[in-house]
Amino acid sequence: MDDTRQGGGAPVPEPPPAGQEWPLPSLTKPSPDGMHSLFLGPRGLRPGWSLFLYLGMGVVVFFALSSFVRLIPSGGAGALWQTFFIYIVLVTSSFLPARVMAAVDKRQFGDYGLPWRGFFRKDFWLGLAWGVIALSLLMLLMRVAGVFTFGSVALHGPRILKFAAFWATYFLLVSFFEEFTFRGYTQFTLASGMGFWPAALLLSFIFGAIHLQNPGEAWVGALCAGLIGLFFCFTLRRTGSLWFAVGMHTSWDWGESYLYSVPDSGGMVTGHLLSPSFHGSRWLTGGSVGPEGSVLVFVVIAASWLAFDRLFPKSSTRLSP
């Protein structure tokens, strides 16, 4: 039987079975595959667009909130409080967009490395202790090498505790911002597109390169920052969260700036505890960079990798992006 109209044309469809109606044609048209694949992938919004939205929202939030810094008087201790406020804004600018993106991606905020149940828990306190011990080892190596002297106490009375608490809180904010920005949402999102370690290498390189913008910084210090950033990625991989990294980052910076009172990436803080001195080759002292610019820091980083690998021998059960 010929199933075409007379003279050729499209086939005539078979009639529906008895008792059934002809199906109605669809009134909606599927979206073009090209446009769909440009923005969406198998797991939702593509990583590049996710990062674009995240960073864009972060910039908007930062400029909107940082304008209030002018309300803080700049005279006297006001300069310290202005810097403190800016880091509150930076933390907000990194956390708030991630909450929005978590809703977009239908995820929990904790998936990006900072589950709140881990705050002030074992990994955080272990990280705090690790940072102080690692830095103390570095300062002892410099002392044994004859290039560093601890000096005398520069603060007295209540000022010791006041500045200790201020700088501990300040560097906790610094750690929240830097860890979440470079090893939180961005690491999670990039890893979904290129894999964990390629993303970690890229972001650690950027992290180290940004340190070159600090006054007095040098390439050795920037390399140190990049390697420590990569070590923090390693701790993220093994523990499943950033809490160890946040703790270690906080105590390392606090130990440099307040406890041992040495330059941190080329900068000194007001209200440090000691009055130390350096003498000798800048390859051992770190020069204007501080201990992070000393070649001895690479010994401490290598020791931290080996020790942490023994302490956390198994891969994390962290949810994959």
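See the structure shown above.
Predicted model only: the values in this text are computed from it and were never measured. (Residues numbered from 1 in each chain as written. Predicted model: local features only at pLDDT ≥ 70, side-chain atom pairs only at ≥ 80, totals over all residues. Heavy atoms only, no water.)

**Focus on the packing of helix α8 (residues 219-239) against helix α11 (residues 297-311)**
Which entries qualify depends on this criterion: Lines are fitted to the C-alpha atoms to define the axes, a helix being fitted only along its stretch in contact, and any angle between axes, read from their N-to-C directions, falls within 0 to 180 degrees. Secondary structure is summarised from DSSP: a helix means a run of H or I of at least four residues, a strand means a run of E of at least two, and numbering begins at the N terminus for each. Any angle that falls under 35 degrees is termed roughly parallel, while one over 145 is termed roughly antiparallel, one within 65 to 115 roughly perpendicular, and all others oblique. By definition in these notes, contact holds between two residues if any of their heavy atoms fall within 4.5 Å. Side-chain classes follow a simple rule in which Ala, Val, Leu, Ile, Met, Phe, Trp, Tyr, Cys and Pro form the nonpolar group, Asp, Glu, Lys and Arg form the charged group, and the remainder, Gly included, forms the polar group.
Where α8 contacts α11, the two axes come as close as 11 Å, and the packing angle between them is 5°. Accordingly, the angle class assigned to the pair α8 and α11 is roughly parallel. Side by side, α8 and α11 meet where V220, L223, C224, L227, I228, L230, F231, F234, T235, R238 and T239 of the first sit next to V297, F298, I301, S304, W305, F308 and D309 of the second. Looking at the contact of α8 with α11, its residues break down into 13 nonpolar, three polar and two charged.

**Looking at unusual backbone geometry**
For K106, which is not glycine, the phi dihedral falls at a positive 60°. Residue placement: K106 occurs in the loop between α3 (78-105) and α4 (122-144). In this structure, S261 is a non-glycine residue whose phi angle is positive, near 60°. Its place among the elements puts S261 in the loop between α9 (243-259) and β4 (274-278).

**Looking at the packing of helix α7 (residues 196-210) against α8**
When two helices pack together, you describe them by how their axes are tilted relative to each other and by the distance separating the axes. What counts, and what does not: Note on convention: near helix rotated counterclockwise from far helix by under a right angle means a left-handed crossing. Clockwise means right-handed.
Here α7 crosses α8 at 150°, and the two axes come no closer than 8 Å. Considering how the two elements wind past one another, α7 and α8 form a crossing that is right-handed. Packed against α7, whose contacting residues are F196, W197, A200, L201, S204, F207 and G208, the element α8 presents A222, A225, G226, G229, L230, C233, F234, L236 and R237 at the interface. Along the lines of polarity and charge, the residues of the contact of α7 with α8 split into eleven nonpolar, four polar and one charged.

**Observations regarding the side chain of S66**
Formally: The buried label goes to any residue with under 20% of its type's maximum accessible area, the exposed label to any with over 50%, and the partly exposed label to all in between, with areas taken from a 1.4 Å probe on protein chains only.
Within the secondary structure layout, S66 lies in helix α2 (residues 47-66). Residue S66 is classed as buried on the basis of its relative accessible area of 12%. Sequence-distant contacts of S66, that is, excluding residues within four places in its chain, are made with I86 and V89.

**A few points about the packing of aromatic side chains**
Inclusion rule: For this analysis, a ring pair means two rings from Phe, Tyr or Trp (six-membered ring only for Trp) whose centres lie within 6.5 Å, classed as stacked if their planes differ by under 30 degrees, edge-to-face if by over 60, and tilted for the remaining angles. We call a charge positioned above a ring when the Lys NZ or Arg CZ atom is no farther than 6 Å from the ring centre and deviates by at most 35 degrees from the ring normal.
All told, the structure shown has 47 aromatic pairs when counted by the stated rule. Ring plane angle 70° and centroid distance 5.5 Å describe the contact between W81 and F84, whose orientation is recorded as edge-to-face. Separated by three residues within a single helix, W81 and F84 lie in helix α3, roughly one turn from each other. Judged by its relative accessible area of 13%, F84 is buried. With 5.0 Å between their ring centres and 70° between their planes, F95 and F180 make a pair best called edge-to-face. With F95 in helix α3 and F180 in helix α5 (residues 158-183), the pair connects residues that are 85 residues apart, well separated along the chain. Relative accessible area serves as the criterion here: at 12%, F95 is assigned to the buried category. Here F180 falls in the buried class, since its relative accessible area comes to 0%. Every member of this aromatic cluster is reached through a ring pair, and the members are F95, F109, W116, F119, F120, F124, W125, F176, F180 and W243. One Lys or Arg, R183, reaches over the ring of F207 and ends 4.5 Å from the middle of that ring.

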